[in-house]
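For reference, the chains in residue letters:
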Amino acid sequence: MNAIEINGIVKKFGQLVAVDGISFNVEKGEIFGFLGPNGAGKTTTINILCTLLLPTSGKASVNGFDVVRERRQVQRSIGLVFQDPTLDDYLTAEQNLRFHAYAYGVPRDVREKRMTELLELMELNDRRRSRVSTYSGGMKRRLEVARGLLHHPQVLFLDEPTLGLDPQTRRHIWDYITTLRKQENLSILMTTHYMDEAEYCDRIAVIDHGKIVALDTPTRLKDSVGGDVVSLQADNQEQALIELKESFKLSPVVQNGMVSFSVPRSDVFLPEFLRSFRSGIRSISVRRPTLDDVFLKLTGRAIREQEAGAWEQMRRMMGAMNR
């Protein structure tokens, strides 16, 4: 049984088709990235999986529970780590965790043992009686991950888990997450706009205009770009685009003022290209493709920071569930 199964899900808002018949599975123990520009249908899909929205048609299940017929079982079996801080700064770490345990009905003997295990794993046990207001940003994120796992969820939803953190802290957070995945056979569905962070995913689904436009491993997605990425600044950008298309049969795109295109072997392509290109070159660079290039190729635009509005709705949903 997969951790998440989606089969032909459609979601309409009046005449607007927000999600257009998408299907994919998330395997148990898998880290699955869900990427898409704002308005692509990503948030709507996540809302359906977390039972906030009902699908117009199609089926979806989380941990074997149908998201329409078994909503409460779905809610009880998932953990959420929100983009925006949701901890109570006036409480200590252990008080925040206990409050969450009460809400989910975690027995006392299980609760205390689980709290200690997670605080030790996140290297926060020595600060468990400190107010959260004294924590750094990285410590707060680690505590939020611990809280999301306190009730032993089988699937963890991560919304921009390291947003706003420095690169070193981001790496540490991912060290903890990958360790947790191995120890607890945890399935993770995450969103991120950090393309280097998406490299942690086993597979990535890219959604655009309500449809899945690509789904594969990070390596295979990058290979699909077509080789090395050449970026140049031309004397005449419009003329350069025409020349690249007509004379060199390439498919250039414009990003950050640079004209970019992919070629299988830049070492073979560039010498002759530099001799014959007539539109004038001010600067040129070559690099291996990244997930940014994949996203640009598939959607025609660079990924932007994702909106957090849906996760605010999820917080309200989980609060209402426990009242």
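Remember, it's a predicted structure, so these values are computed and weren't measured experimentally.

Q: Can you break down the overall build of the protein residue by residue, with the values?
A: What the protein contains, in helices and strands, is 12 helices and 14 strands. In terms of its C-alpha atoms, the protein occupies a principal-axis envelope of roughly 75 × 45 × 30 Å. The 323 residues of the protein split such that 52% are buried. Restricting to contacts in the protein with at least 6 residues of sequence separation, those with at least 24 account for 71%. Of the roughly 15,200 Å² of accessible surface on the protein, 47% is carried by carbon and sulfur atoms. Taking the 44 positively charged and 41 negatively charged side chains of the protein as two groups, their mean positions are separated by 4 Å.

Q: Outline the sheet that holds strand β9 (residues 203-208), supporting the account with residue identities and numerical values.
A: One open sheet accounts for six strands, arranged β6-β7-β8-β3-β9-β10; its pairing is mixed. Whereas interior strands pair on both sides, the edge strands pair on one side only; in this sheet they are β6 (78-81) and β10 (211-216). If you compare each strand with its neighbour and ignore which way they point, the axes differ by 20° on average. Its contacts with the sheet put helix α5 (residues 137-149) on β6 and β7 (155-159), and the angle it makes with β6 is roughly 165°.

Q: Any chance you could break down the sheet that holds strand β5 (residues 65-66) for me, citing the residues and the numbers?
A: The strand order β2-β1-β4-β5 describes an open sheet built from four strands, whose pairing is antiparallel. Each edge of the sheet is formed by a strand with only one pairing partner; in this case those strands are β2 (16-26) and β5. Alignment of strand β1 (residues 4-13) against β2, held across eight bridges, turns out to be antiparallel. Paired with K12 across the strands is V17, a residue of β2. Sheet strands in contact with helix α1 (residues 42-49) are β1, β2 and β4 (57-62), and its direction is about 120° off that of β1.

Q: Account for the packing of helix α4 (residues 108-121) against helix α6 (residues 167-184), with residues named and values stated.
A: Helix-helix packing: each pair is described by the crossing angle between the helix axes and the interaxial distance. Between α4 and α6, the shortest axis-to-axis distance is 11 Å and the interhelical angle comes to 140°. Here α4 is positioned oblique relative to α6, judged by the angle of their axes. Taken together, the residues of α6 that come into contact with α4 (itself represented by R114, L118 and L121) are Y176, T179, L180, Q183 and E184. Class assignment for the residues of the contact of α4 with α6 results in four nonpolar, two polar and two charged.

Q: Report on the nonpolar core, specifying residues and quantitative values.
A: If you look at the biggest cluster of nonpolar residues, it comprises 46 residues, and the most contacted ones within it are L143, I188 and I204. The residues contacting I204, other than those within four sequence positions of it, are G33, L35, A198, A214, L215, D216, P218, L221 and L291. Membership of the second largest hydrophobic core comes to 28 residues, among which are F82, F157, L189 and I207.

Q: Describe the pattern of salt bridges, and please don't skip the residues or the numbers.
A: Applying the stated criterion to the full structure yields 20 salt bridges. Here E112 makes a salt bridge to R111, at a shortest N to O gap of 2.9 Å. For R111, a relative accessible area of 6% corresponds to the buried category. Across the pair E117 and K113 runs a salt bridge whose closest N-O atoms are separated by 2.5 Å. With E117 and K113 both in helix α4 and four residues apart, the pair spans about one turn of that helix. Within this structure, E94, R98, R111, E112, R128 and R129 form a network of salt bridges that share partners.

Q: Let's hear about the confidence of the model for the protein: which residues, and what values?
A: Scored by pLDDT, the protein has a mean of 86; 93% of the residues are at 70 or more. Confidence drops under pLDDT 50 across residues 304-318; counting only partners more than four residues distant or on other chains, this segment forms 42 contacts.

Q: How would you sum up the pairing of β1? Please name residues and give values.
A: In terms of strand pairing, β1 meets β4 through five bridges, oriented antiparallel. Following the sheet pairing, N7 is matched in β4 by K59. The turn joining β1 and β2, which pair antiparallel and follow one another in sequence, is formed by two residues; a positive phi near 65° is taken by G14.

Q: Describe in detail the side chain of H100, supporting the description with residues and values.
A: Secondary-structure assignment places H100 in helix α3 (residues 93-103). By relative accessible area, H100 is classed as buried at 13%. With near-sequence residues (within four places) excluded, H100 lies in contact with R147, L150 and H151.

Q: If you had to explain α6 to someone new, which residues and values would you point to?
A: Since there are 3.6 residues in each turn of an α-helix, residues three or four apart along the chain are aligned in direction. Counted at 1.5 Å a residue, the expected span for α6 with its 18 residues is 26 Å, and the 26 Å between its end C-alpha atoms agrees. Among all positions in α6, only T169, R170, I173, W174, Y176, I177, T178, L180 and R181 are buried. In this structure, the buried residues of α6 make contact with β3 (31-35), α4, α5, β7, β8 (187-191) and α7 (195-198). Positive backbone phi, at 50°, marks N185, one or two positions downstream of α6.

Q: Describe the packing of α3 against α5, naming the residues involved and giving the relevant values.
A: Packing of α3 against α5 leaves a shortest axis separation of 9 Å and a crossing angle of 25°. It follows that α3 is roughly parallel to α5 by the angle criterion. Seen from above, α3 lies across α5 with right-handed handedness. Touching A93, N96, L97 and H100 of α3 are L143, A146 and R147, all from α5. Here the contact of α3 with α5 is composed, by residue class, of four nonpolar, two polar and one charged.

What counts, and at which threshold
- Residues numbered from 1 in each chain as written.
- Predicted model: local features only at pLDDT ≥ 70, side-chain atom pairs only at ≥ 80, totals over all residues.
- Heavy atoms only, no water.
- Helix = DSSP H or I, 4+ residues; strand = E, 2+ residues; numbered from the N terminus.
- Buried < 20%, exposed > 50% of the residue type's maximum accessible area, 1.4 Å probe, protein only.
- Contact = heavy atoms within 4.5 Å.
- Areas by Shrake-Rupley, 256 points an atom, 1.4 Å probe, with all protein chains shown as cover.
- Lys, Arg positive; Asp, Glu negative; His and termini not counted.
- Charge placed at Lys NZ, Arg CZ, Asp CG, Glu CD.
- Pairing = 2+ DSSP bridges.
- Axes fitted to C-alpha atoms, helices over the stretch in contact; angles between N-to-C directions.
- Parallel < 35°, antiparallel > 145°, perpendicular 65-115°, else oblique.
- Nonpolar A, V, L, I, M, F, W, Y, C, P; charged D, E, K, R; others polar.
- Core = buried A, V, L, I, M, F, W, Y, C linked by side-chain atoms within 4.5 Å.
- Salt bridge = Lys/Arg side-chain N within 4 Å of Asp/Glu carboxyl O.
- pLDDT = per-residue confidence, 0-100.
- Expected span 1.5 Å × (residues − 1).
- Left-handed = near helix turned anticlockwise from the far one by under 90°.

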